[in-house]
Amino acid sequence: MTTTSTNNWEEVRAAAQAALTEPIVRYIEQCNAGPEPASQLISVLHKVQSHFGYLGPEQLDAVAQLLQIPAAKVAGVASFYHFFRLQPHGRFRINVCLGTACYVKGAERVAQRIMDELGITWGETSKDGVFTLEGSRCLGTCGLAPVVMIDDEIHASVTPDQVPAILEKYLERARQGPAA
Amino acid sequence: MSVEKNDDPDDSSPAATPSTSSRIASKFAEVQAKADSVLKERTEGGEIFIQVGSATCEHAAGSLAVWDEFQKHIAASERTDIRMRQTGCTGRCSREPIVGVSVPGQMPVTYERVDRALVHEIFTSHVLRGVPLLDQVLDGPVEKLPPYELLVCSSTRCGGKGRKLIEGPLAEKLHAAGLGPDRVQVTQTTCLGACSLEEVGQCTHVLVRPDKVLYRVTSDKDLDDIIQRHLLGGKIVERLCITQESASRQFFEIYGDVAFFNRQNRIALRHNGVIDPESIEEYFHYRGFQALTNVLSQRNPQAVIDEVSRAKLRGRGGGGFPTGKKWAMGAAAEDKIRYLICNADEGDPGAFMDRSMLESDPFNVIEGMIIAGYALSAARGFFYVRAEYPLAIQRIENAIRRCREYGILGDDVLGSGFSFDLEIRLGAGAFVCGEETALIHSIEGERGQPRVRPPYPTESGLWDKPTVINNVETFANVPAIILFGGDWFSRIGTEQSGGTKVFALAGKVTHTGLVEVPLGSTLHEVVEEIGGGAPKGKRIKAIQTGGPAGGCIPAASLDLRIDYDTLLKAGSIMGSGGMIVLDEDDCMVDIAKYFMKFSEDESCGKCTPCREGTKRMSEILERITAGQGTLDDLEKLNRLGNLIKKASLCGLGRAAPNPVLSTLEHFHDEYLAHVTERRCPARRCTALIRYEIDPEKCVGCTLCAKNCPVPCIDGVRREPHVIDQTRCVKCGRCFEVCRFGAVNRL
Ligand SMILES: Cc1cc2nc3c(=O)[nH]c(=O)nc-3n(C[C@H](O)[C@H](O)[C@H](O)COP(=O)(O)O)c2cc1C
Ligand code: SF4
Ligand code: SF4
Ligand code: SF4
Ligand code: FES
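Thresholds, definitions, all that
- Residues numbered from 1 in each chain as written.
- Chains lettered and ligands numbered in written order.
- Predicted model: local features only at pLDDT ≥ 70, side-chain atom pairs only at ≥ 80, totals over all residues.
- Heavy atoms only, no water.
- Helix = DSSP H or I, 4+ residues; strand = E, 2+ residues; numbered from the N terminus.
- Buried < 20%, exposed > 50% of the residue type's maximum accessible area, 1.4 Å probe, protein only.
- Contact = heavy atoms within 4.5 Å.
- Areas by Shrake-Rupley, 256 points an atom, 1.4 Å probe, with all protein chains shown as cover.
- Buried area = accessible area lost by both parts, 1.4 Å probe.
- Salt bridge = Lys/Arg side-chain N within 4 Å of Asp/Glu carboxyl O.
- Axes fitted to C-alpha atoms, helices over the stretch in contact; angles between N-to-C directions.
- Parallel < 35°, antiparallel > 145°, perpendicular 65-115°, else oblique.
- Left-handed = near helix turned anticlockwise from the far one by under 90°.
- Nonpolar A, V, L, I, M, F, W, Y, C, P; charged D, E, K, R; others polar.
- Phe/Tyr/Trp six-rings, centres within 6.5 Å; stacked < 30°, edge-to-face > 60°.
- Lys NZ or Arg CZ within 6 Å of the ring centre and 35° of its normal.
- Near = heavy atom within 4 Å.
- Expected span 1.5 Å × (residues − 1).
- Arc of directions from axis to C-beta.
- Pairing = 2+ DSSP bridges.
- Domains from an automatic or database assignment.

1. Focus: the overall build of chain A
- A count of helices and strands for chain A gives eight helices and four strands.
- If you list the helices and strands of chain A from N to C, you get α-α-α-α-α-β-α-α-β-β-β-α.
- The C-alpha extent of chain A, read off along each of the three principal axes, is 60 × 35 × 25 Å.
- Across the 180 residues of chain A, 52% fall into the buried class.
- Considering only contacts within chain A whose residues lie at least 6 apart along the sequence, 63% involve residues at least 24 apart.
- Of the roughly 8200 Å² that chain A leaves accessible, carbon and sulfur atoms contribute 53%.

Rendered as structure tokens:
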């Protein structure tokens, strides 16, 4: 399908582009040109989240417009999947693996220590905005359990005692300035 | 049944027509030659090869820094004969990063837990001076690397001839020739995969490392020749040589000395740790796409299905449905538009074999998919990959692109007239999306909720078209089945299920990692012999298989033969291959609670028994572990569990009670201790334990008091400390930090 279903396409596109980015808009247009564009909703949401860090209402709306999917459905899909975040996150995302292998090797106590150190619980961001704590089902590195991933860096065989030093490393980075 | 064919002018009969076959053959030869020349250019002048593992687990262990460090050393040495290669992961998680060094004429050496400092030592000693670091070899240290190692295939499938040979004539003859273990090491291996080349039981296969020579031994005279001419004379005995590549030969040429590996059968994982997962040229070099070429030239989709049926290949995603049968159903569908899906959602928390296969040998999985696509006359295939696996996604993307460049994917695959292409679709962190109908909804861009079956996807699946869904490992076995035959594959394994299964061994086990063994192997072989048992002298209590849909098998049943049906009988399931070892410190009620919470969180909420039932069961388990359970609660768990199993709509709900029901059955005493004595025998459930300081042992170092988060430990330096039980939150930190063993967990 193309632009024919609405004749105010340029307007819609401009509004959507303001909420998204040019490459994402182009990606959506590519999807629209291929077979079953609506099926690309999840991959579009992935692209949006990887750029903005989360899916805000304006972004969801823009995606709905461009893919021509009802906004309610887009919101429904975004909230169904755990991977999608509807709120912004802190500078670093701490992802504690809560899979079975990590659980039996003491991941809960590692998580507890992180909560104690930062004064936050699951889904929350520390007051200084540096860390957001999240849990994950399994990072696929069970052989190195327990595993904590901070942004894209995996920390293997973590003990509760190592937590302060690990956090300090990222705090230091945060002090050095904003992300590139 | 009717055989679907592509509309090709040559295609008037299912039999091969010379023109198409020769076109495919020449096209294949052409791309092979192209790959060869690329490879040659890349390795030209290389003598010494350093290989570094590259996969999520390897990276987590630090392999990227190791790679860079070697690069720097090579640059600084100004040597031009040293080449680096990346490989995927071998599946030795606990020993990564893994580095291999091969120097011509010497035994290849695999190093474990390599870091920057060790890189320097390996480089200066082994790479530059040819002196391996014997202390650092994988599963070492070893005292000496003998000039030769004989790997003798001792599979019981081949009549156990190998072992007799090792103990009898081989030992005698080596002794007579004066070749002790310092000159020739003899190693018994489980299966070299050479049985893929001929009738079993006719001979014994012997692989000579480091010369990469595979011999076929049938008589004493053969042994004499090998000893006199090869081991003493340094000349290959051509008469006994097997030149064809067998299923796992290349793997054992590199890793055959390591017991963890040589007790395994490597088929689905045969290229893991051997080839560069980003290089289609290397894949070609290891007979890649030969199976596809054979299939395309034969021009008989039904024959492919028959071969897979003959192999007795059953789905590795958990259900164990016969793959040949599933393909036949897809091929018989009325609708000519058909889809193929690879289920790479790997939702079982604690399983990572699919990730490893996709990261370490993606071309193999893709080849399996193209063959399946051909068998089904499907034109489009999908990879449904979980978003938590970014490296796997990257490697599949690369592999798809490379395949298109070589004409392996896209229009007119290898000039056969058959067109097939693949797309990647990402999951987004919902366990239920591993279920096939939910997965289909997810690919369609919907919420991933299951629907009632029938109709099964083979009838009405993606966009209501006939769709075949298979697991990653299922596809990974297909090229080997085509190359070496369904009969061979079916002989490995049991009466009902052919081949091997890859297990992701984790938890309280010495060697965590990937273990591929024939179906029908015992749990003992996997966990004790290969996995090395529980670390720190602890006792294994149970093995959890099948993840949230499975159960716990007590240690007393370790001699159970692993198969779909036996595990089911034991109250668990095969599942996708996650195997978590639990030891005496793990509380079975707590484990059951863990899985129940998981299922409660992951229930999609569509049907009441699952949505509400898992919540109720979680609450009861919470109560029990908090020391507030009653005998009646155990009865309720049983009743509810059986109800949810019967009344739920999809496999998630239907299997969710399994971890509880199986532990209730096998570990009833532990439940009883919680509810009648208010005691947690494993001392895991915090509400039921307390920490006390033994005044006899406490030296008053104050460390515990400093670490207590509350703080609730009193005492002065050099005096015994005391815990205020009313305030203690039982975090266990005092227990961990005390160096004098003075804190007791009661
Ligand atoms: C809740 C649930 C989760 C599942 N997760 C997976 C999975 O992660 N990977 C997988 O291959 N199969 C999974 N399955 C099984 C699939 O539905 C399907 O049977 C399988 O992919 C078929 O492939 P196979 O025949 O090759 O095993 C799951 C099933 C259920 C009910
Ligand atoms: S059994 Fe559970 S996961 Fe499956 S459809 Fe019902 S609520 Fe959803
Ligand atoms: S268990 Fe934790 S809270 Fe209790 S005394 Fe020890 S350190 Fe303090
Ligand atoms: S750490 Fe151990 S020895 Fe030291 S004060 Fe605490 S209980 Fe006593
Ligand atoms: S269970 Fe933590 S990485 Fe798999």
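Read on for the rest.
2. A word on the interface of chain B and chain A
- With 54 residues of chain B at the interface, the matching set in chain A holds 38 residues.
- Contact between chain B and chain A buries roughly 3800 Å² in total, counting both sides, with carbon and sulfur atoms accounting for 56%.
- Sorting the residues of chain B by area buried against chain A places A428, R447 and Y594 of chain B first, and these three jointly supply 15% of that buried surface.
- For the pair chain B and chain A, the number of links is six salt bridges.

3. Looking at the packing of helix α3 (residues 41–52) of chain A against helix α5 (residues 71–80) of chain A
Residue and element names in this part refer to chain A.
- Contact geometry for α3 and α5: axes closest at 11 Å, N-to-C directions at 70°. Considering the angle they form, α3 stands roughly perpendicular to α5. Every pair of crossing elements has a handedness; the one defined by α3 and α5 is right-handed. Side by side, α3 and α5 meet where L41, I42 and L45 of the first sit next to V74, V77 and A78 of the second.
- Residue classes in the contact of α3 with α5 are distributed as six nonpolar, no polar and no charged.

4. Side note on the packing of helix α22 (residues 608–625) of chain B against helix α26 (residues 668–676) of chain B
Residue and element names in this part refer to chain B.
- α26 packs onto α22 with a crossing angle of 70° between their chain directions and a minimal axis gap of 8 Å. In terms of axis orientation, α22 runs roughly perpendicular to α26. On α26, the residues that touch L621, I624 and T625 of α22 are Y671, H674 and V675.
- Taken together, the residues that form the contact of α22 with α26 break down as four nonpolar, two polar and no charged.

5. So, the packing of aromatic side chains
Residue and element names in this part refer to chain B.
- Under the defined criterion, the tally for this structure stands at 25 aromatic pairs over all chains.
- Measuring from ring centre to ring centre gives 6.0 Å for Y339 and F382, while their planes differ by 70°; the resulting arrangement is edge-to-face. Highlighted residues: Y339 in strand β10 (residues 339–344) and F382 in strand β11 (residues 380–385), separated in sequence by 43 residues.
- The class of F382 is buried, set by a relative accessible area of 0%.
- Measuring from ring centre to ring centre gives 5.5 Å for Y339 and W463, while their planes differ by 75°; the resulting arrangement is edge-to-face. Here the residue Y339 occupies a position in strand β10, and W463 occupies one in the loop between α16 (436–443) and β13 (467–471), the gap between them amounting to 124 residues.
- Using a relative accessible area of 7% as the deciding quantity, one classes Y339 as buried.
- A cation sits over an aromatic face here: K501 above F503, 5.8 Å from the ring centre.
- The ring of F735 has R745 sitting right over it, with the charged end atom 4.4 Å from the ring centre.

6. Things to note about the site of ligand 3
- Close to ligand 3 lie 13 residues, the nearest being C708, C728, C731, G732 and C734 of chain B.
- Its residues assigned to classes, the shell around ligand 3 shows eleven nonpolar, one polar and one charged.

7. Some details on helix α23 (residues 631–647) of chain B
All names here are of chain B.
- With 17 residues, α23 should cover 24 Å at 1.5 Å per step; its first-to-last C-alpha distance of 25 Å lies within 8% of that length.
- Those residues of α23 lying buried are D633, L634, L637, L640, G641 and I644. The buried residues of α23 occupy an angular sector of 130° when projected down its axis, which confines them to one face. In α23, the exposed positions that point more than 90 degrees away from the buried face belong to L631, R639, L643 and K646.
- Of the surrounding secondary structure, the elements contacted by the buried residues of α23 are α22, α24 (651–655), α25 (658–666) and α26.

8. Focus on the site of ligand 2
- Near ligand 2 you find 13 residues, and of these C604, K606, C607, C610 and C650 of chain B are the closest.
- Broken down by class, the residue content of the shell around ligand 2 amounts to eight nonpolar, four polar and one charged.

9. Topic: the sheet that holds β10 of chain B
Residues and elements named next belong to chain B.
- Overall, parallel pairing links the four strands, which are arranged β12-β11-β10-β13 in an open sheet. In this open sheet, the two edge strands, each paired with only one partner strand, are β12 (421–426) and β13. For this sheet the average axis-to-axis angle between neighbouring strands, irrespective of direction, equals 20°.
- Pairing of β10 with β13 involves five bridges; the strand directions are parallel. Along β13, the bridge assignment pairs L340 with V468.

10. A short note on unusual backbone geometry
- Cis geometry is adopted by the peptide bond preceding P141 of chain B, which originates at G140 of chain B and carries an omega value of 0°.
- Take P141 of chain B: it is sitting in the loop between α4 (116–129) and β5 (148–153).
- Residue P454 of chain B is bonded to the preceding R453 of chain B through a cis peptide linkage, with omega at -5°.
- Among the secondary structure elements, P454 of chain B is positioned in the loop between α16 and β13.
- The phi dihedral of S157 of chain A is positive, around 45°, even though this residue is not glycine.
- Residue position: S157 of chain A is located in the loop between β4 (153–155) and α8 (163–175).
- Taking relative accessible area as the criterion, S157 of chain A reaches 40% and is therefore assigned partly exposed.

11. Some points on the pattern of salt bridges
Residues and elements named next belong to chain B.
- Throughout the structure, instances matching the rule amount to 63 salt bridges over all chains.
- A salt bridge links E423 to R425; its shortest N-O distance comes to 3.1 Å.
- Judged by its relative accessible area of 23%, E423 falls in the partly exposed class.
- Among the salt bridges present, the one from R679 reaches E677, with a minimum N-O distance of 2.8 Å.
- Taking relative accessible area as the criterion, R679 reaches 39% and is therefore assigned partly exposed.
- Residue classification places E677 among the partly exposed positions, given a relative accessible area of 48%.
- Via salt bridges that share partners, K221, D222, D225, R229 and R239 belong to a single interconnected network.

12. Remarks on the domain arrangement of chain B
Residue and element names in this part refer to chain B.
- According to the domain assignment, chain B contains domain 1 (48–136), domain 2 (148–257), domain 3 (280–468), domain 4 (500–676) and domain 5 (690–745).
- For domain 1 versus domain 2, the separation of C-alpha centres amounts to 28 Å.
- Between domain 1 and domain 2, the residue contacts involve seven residues of the former and seven residues of the latter.
- Counting every contact that joins domain 1 to domain 2 gives zero salt bridges.

13. What to know about helix α3 (residues 63–77) of chain B
- Its 15 residues give α3 of chain B an end-to-end C-alpha distance of 21 Å, which sits within 8% of 21 Å, the value for a rise of 1.5 Å per residue.
- Backbone geometry just after α3 of chain B places E78 of chain B at a positive phi near 55°.

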